[in-house]
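# Chain and residue survey
Here's the letter readout for the chains.
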Amino acid sequence: MAATSNLQLPLFEANGAIDLTGIYNPAMNTLDESVNDIKTVVDDIAAYVETQGVSNGIYYRIWSNGIRELWGNKQMTFNGNGGGKATVTFPTACRFSNYENYNVFLQLMGTSDSSANDFNSIQVTSTEMTTRGFTIYGWNTSANTRYYRVAFHVIGHY
C-alpha cells in the first residue's frame, strides 16, 4: 500500500478495500499526534503584538499571551514644600480586569530646561490604582516649586 511521504499515512487505491479499523484509525491517531506536536511548538514561539496604538499620549501594546503594556509621561508641577499629582487614564482598549494585575514603574525626568534643580528633593509614587488607571503623587522637600516630567511604564495581564 502506498503512503504519504512525511507521516507515512496510508493511501488507498480508487477501487481497493478500505480497512477503517486496522489502517485508517491508526493513521488518524498518527495525524492527531503530529498536530499536537506542532501545536506544542507553536505555543512555545515567543508572544507577538496583537494590538497596539496610542491614545491621549499613552502608547500601548496587547500581546498574544495576554500581557498588556502601556507607557508615556506626564508633566507635573511640584510645589515648594508640597507636591503635586497627575492622573493616568488607560486607553479603553488596554484596561485591566483587576488593579492587582499590573505594576507601575515611574521615573522622574527633566523638561526642555537643561537644569534639574532639586531633583534629589522630589519623590514620586503610584497610588489610587484601578482597572482604568492610576494617580501619580509626588512631593517636594525643597522650598522651590519645580517642574518635571514623570515617565511611566505599566505592565501586567488582563
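Everything below is about the structure printed above this text.
Residues numbered from 1 in each chain as written. Predicted model: local features only at pLDDT ≥ 70, side-chain atom pairs only at ≥ 80, totals over all residues. Heavy atoms only, no water.

A few words on the environment of Phe 105. Tracing the sequence through the fold places Phe 105 in strand E7 (residues 102–109). Its relative accessible area of 46% is what places Phe 105 among the partly exposed residues. Put simply, Phe 105 and Ala 86 are 19 residues apart on the chain and 15 Å apart in space, counted from C-alpha to C-alpha. Residues contacting Phe 105, with those up to four places away along its chain left out, are Ala 151, Phe 152, His 153 and Ile 155. (Helix = DSSP H or I, 4+ residues; strand = E, 2+ residues; numbered from the N terminus. Buried < 20%, exposed > 50% of the residue type's maximum accessible area, 1.4 Å probe, protein only. Contact = heavy atoms within 4.5 Å.)

Attention shifts here to the pattern of salt bridges. By the definition in use, this model includes two salt bridges. Residue Glu 69 pairs with Arg 61 through a salt bridge whose shortest N-O separation is 3.5 Å. Residue Arg 146 pairs with Asp 118 through a salt bridge whose shortest N-O separation is 2.9 Å. Pair noted here: Arg 146 is in strand E10 (residues 146–157) and Asp 118 is in the loop between E7 and strand E8 (122–127), with a separation of 28 residues, a long-range link. (Salt bridge = Lys/Arg side-chain N within 4 Å of Asp/Glu carboxyl O.)

Judged by side-chain polarity, Leu 7, Ile 18, Leu 20, Tyr 24, Met 28, Leu 31 and Val 35 come together as a nonpolar surface patch covering roughly 580 Å² of accessible area. Looking at Leu 31, the relative accessible area reads 32%, which means it is partly exposed. (Patch = residues over 30% accessible without salt bridge, like charges linked within 9 Å, V, L, I, M, F, W, Y side chains within 5 Å. Areas by Shrake-Rupley, 256 points an atom, 1.4 Å probe, with all protein chains shown as cover.)

On to the packing of aromatic side chains, then. Applying the stated rule across the entire model yields seven aromatic pairs. Note on Phe 96 and Tyr 102: the rings are 4.7 Å apart at their centroids and 35° apart in plane angle, and the pair reads as tilted. Judged by its relative accessible area of 3%, Tyr 102 is buried. Ring-pair connections join several aromatic residues into one group, and the members of that group are Phe 90, Phe 96, Tyr 102, Phe 134 and Phe 152. (Phe/Tyr/Trp six-rings, centres within 6.5 Å; stacked < 30°, edge-to-face > 60°.)

So, about the environment of Thr 89. Relative to the helices and strands, Thr 89 is located in strand E6 (residues 82–89). Sequence separation of Thr 89 and Gly 66 is 23 residues, and the distance between their C-alpha atoms is 20 Å. Those residues in contact with Thr 89, other than ones at most four positions away along the chain, are Ile 58, Arg 95, Arg 132 and Gly 133.

All we've got here are geometric facts, nothing functional implied.
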